[in-house]
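Close look at the chain arrangement
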Amino acid sequence: MVGKKKRSGLLRRPKSITGNHTVPKSIKPQNARQLIRRFHVLEKNKFSIIDKIKRINNIPNLTTENYREILSKTKLFKDSYDKSFEEHKNTLTKKSFELITIDDSLTESELYQKLASIDAEVEIRGGLKAYQLASTQGQNGKRGGDSSKRLVEWLKESLYSHKLENATALEIGCLSPDNAISTSGLFTEVSRIDLNSQHHLILQQDFMERPLPTDSSEKFNLISCSLVVNFVPDSRLRGEMLLRITKFLKKPTNSSISSLFFVLPLPCVTSSRYFDKDSLNKIMKHLGFTEVHYYEAKKVAYWLYDWSGEVSNLNNHFKKQEIHAGPNKNNFCITL
Ligand SMILES: C[S@@+](CC[C@H](N)C(=O)[O-])C[C@H]1O[C@@H](n2cnc3c(N)ncnc32)[C@H](O)[C@@H]1O
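Residues numbered from 1 in each chain as written. Predicted model: local features only at pLDDT ≥ 70, side-chain atom pairs only at ≥ 80, totals over all residues. Heavy atoms only, no water.

**Comments concerning the nonpolar core**
- Among the nonpolar cores identified, the biggest contains 36 residues, and Ile223, Val229, Leu242, Ile245, Leu260, Phe262 and Phe289 are the most heavily contacted of them.
- Looking at this core, the elements with two or more residues in it are β1 (168–172), β4 (222–226), α9 (235–247), β5 (259–265), α10 (267–270), α11 (277–286) and β7 (300–307).
- Looking at which element gives the most residues to this core, the answer is β7, with four residues. (Core = buried A, V, L, I, M, F, W, Y, C linked by side-chain atoms within 4.5 Å. Buried < 20%, exposed > 50% of the residue type's maximum accessible area, 1.4 Å probe, protein only. Helix = DSSP H or I, 4+ residues; strand = E, 2+ residues; numbered from the N terminus.)

**Comments concerning the packing of aromatic side chains**
- In total, this model carries 14 aromatic pairs according to the counting rule given.
- Grouping aromatic residues by their ring pairs yields a cluster made of Phe77, Tyr81, Phe85 and Tyr112.
- Over the ring of Tyr295 we find Arg150; its NZ or CZ atom is 3.6 Å from the centre of that ring.
- Over the ring of Tyr302 we find Arg150, and its NZ or CZ is 5.3 Å from the ring centre. (Phe/Tyr/Trp six-rings, centres within 6.5 Å; stacked < 30°, edge-to-face > 60°. Lys NZ or Arg CZ within 6 Å of the ring centre and 35° of its normal.)

**Structural notes on the packing of helix α1 (residues 29–57) against helix α4 (residues 108–124)**
- At a minimum axis distance of 10 Å, the contact between α1 and α4 shows a crossing angle of 150°. With respect to α4, the axis of α1 lies roughly antiparallel. As α1 runs across α4, the sense of the crossing is left-handed. Together, Arg38, Phe39, Leu42, Asn45, Lys46, Ile49, Ile50, Lys52, Ile53, Ile56 and Asn57 of α1 and Glu108, Leu111, Tyr112, Lys114, Leu115, Ile118, Asp119, Glu121 and Val122 of α4 make up the contact between the two elements.
- A class-by-class count of the residues in the contact of α1 with α4 yields eleven nonpolar, two polar and seven charged. (Axes fitted to C-alpha atoms, helices over the stretch in contact; angles between N-to-C directions. Parallel < 35°, antiparallel > 145°, perpendicular 65-115°, else oblique. Left-handed = near helix turned anticlockwise from the far one by under 90°. Contact = heavy atoms within 4.5 Å. Nonpolar A, V, L, I, M, F, W, Y, C, P; charged D, E, K, R; others polar.)

**Here we look at the side chain of Thr335**
- Take Thr335: it is sitting in the segment after β7.
- Accessibility expressed as a relative area gives 12% for Thr335, which makes it buried.
- Reaching out from Thr335, the side chain makes a polar contact with the backbone nitrogen of Arg236 at a distance of 3.3 Å. (Polar contact = N/O pair within 3.5 Å; in protein donor to acceptor, adjacent residues only side chain to side chain.)

**Overview of the pattern of salt bridges**
- Following the criterion strictly, the structure yields 17 salt bridges and no others.
- Between Asp119 and Arg68 there is a salt bridge, with the nearest N and O atoms lying 3.0 Å from each other. Of this pair, Asp119 sits in helix α4 while Arg68 sits in helix α2 (residues 67–71), placing them 51 residues apart in sequence. Note on accessibility: Asp119 and Arg68 belong to one class, buried.
- If you follow the salt bridges from partner to partner, you end up with Arg38, Glu121 and Arg125 in one network. (Salt bridge = Lys/Arg side-chain N within 4 Å of Asp/Glu carboxyl O.)

**Remarks on the environment of Glu165**
- Within the element layout of this structure, Glu165 appears in the loop between α7 (158–161) and β1.
- When the C-alpha atoms of Glu165 and Thr188 are compared, they prove to be 8.0 Å apart, with 23 residues separating the residues in sequence.

**Quick notes on the confidence of the model for the protein chain**
- Here the protein chain shows a mean pLDDT of 87. Residues at 70 or above account for 90%.
- Note that pLDDT drops below 50 for residues 1–21; the model gives that stretch 52 contacts with residues more than four away or on any other chain.
- Contacts from residues 139–143, a stretch scored under 50 in pLDDT, to residues over four places away or in other chains number twelve contacts. (pLDDT = per-residue confidence, 0-100.)

Dropping the structure here:
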């Protein structure tokens, strides 16, 4: 059964100023890429603002999902956020790409105003639905379609052929139940989840809130996490997502796999000031993963990792530090 949660944050139903939905039917590839990048910027800034508000007001459980519910009880939030939200909704257009600066000079009221401007922009751009449409139409087309085709190709190799009997899979961030992972016939069961389900066969669920398995029958032989970790707005949460994945994998046996299919936009590992392929593989090794396959397309990098069943002791081991200096670098990082 698909559980529909009350929508908040990016999950809020997209409406225009006039109340009409603004998600277009199709987006040109170039616009799609621009939209995807803008959503990442908005999400990242929203995360930093919530983090600051959390510290100022000492509300440790404040998140990008629950802040409206919690903060709307205060007059300062209502006065600053509501007014700014309406103002931005009436003035911003899909062509506005305002530079967002979040620093320590901002007052609490200014933080609420910035938060409102981000939310208004997300709404004007069509919310998470528009982001997903852009991901499907823009990125997918460019990289030759559904990324799980590559996974299926790899799994059909002799290395795995005798280890897939009764194998199950979990697809995190699933846009379609017709992806190769589901249609290949390699898995007896594929569970699909997404923050915003677009199909009744995809469970609407945040992986970070998926209840932990109580026994092996609730775990999977393969987890697919394609272009999801880069959507997570903070390096620490990205690391937590990777660690959490290990809790959902079955232990490998001589006759069954325990693997992770992982995909990132190529610049995350080729153009970051703080991260590269080596950093990723060090983290993955610590989590018990061994790289079995790697493929670099023009814009996207694909990995297939086998999991050993054991995670090494983690103690804030992988920190954010500059490893590639120079201009034109991005700030992508995963910490653990
Ligand atoms: C760029 S799309 C990628 C979709 C698809 N996996 C692919 O490779 O084309 C990222 C998807 O991940 C989903 N997502 C991001 N964080 C998630 C989370 N914590 N739990 C479940 N889905 C998530 C988003 O809703 C979005 O649909």
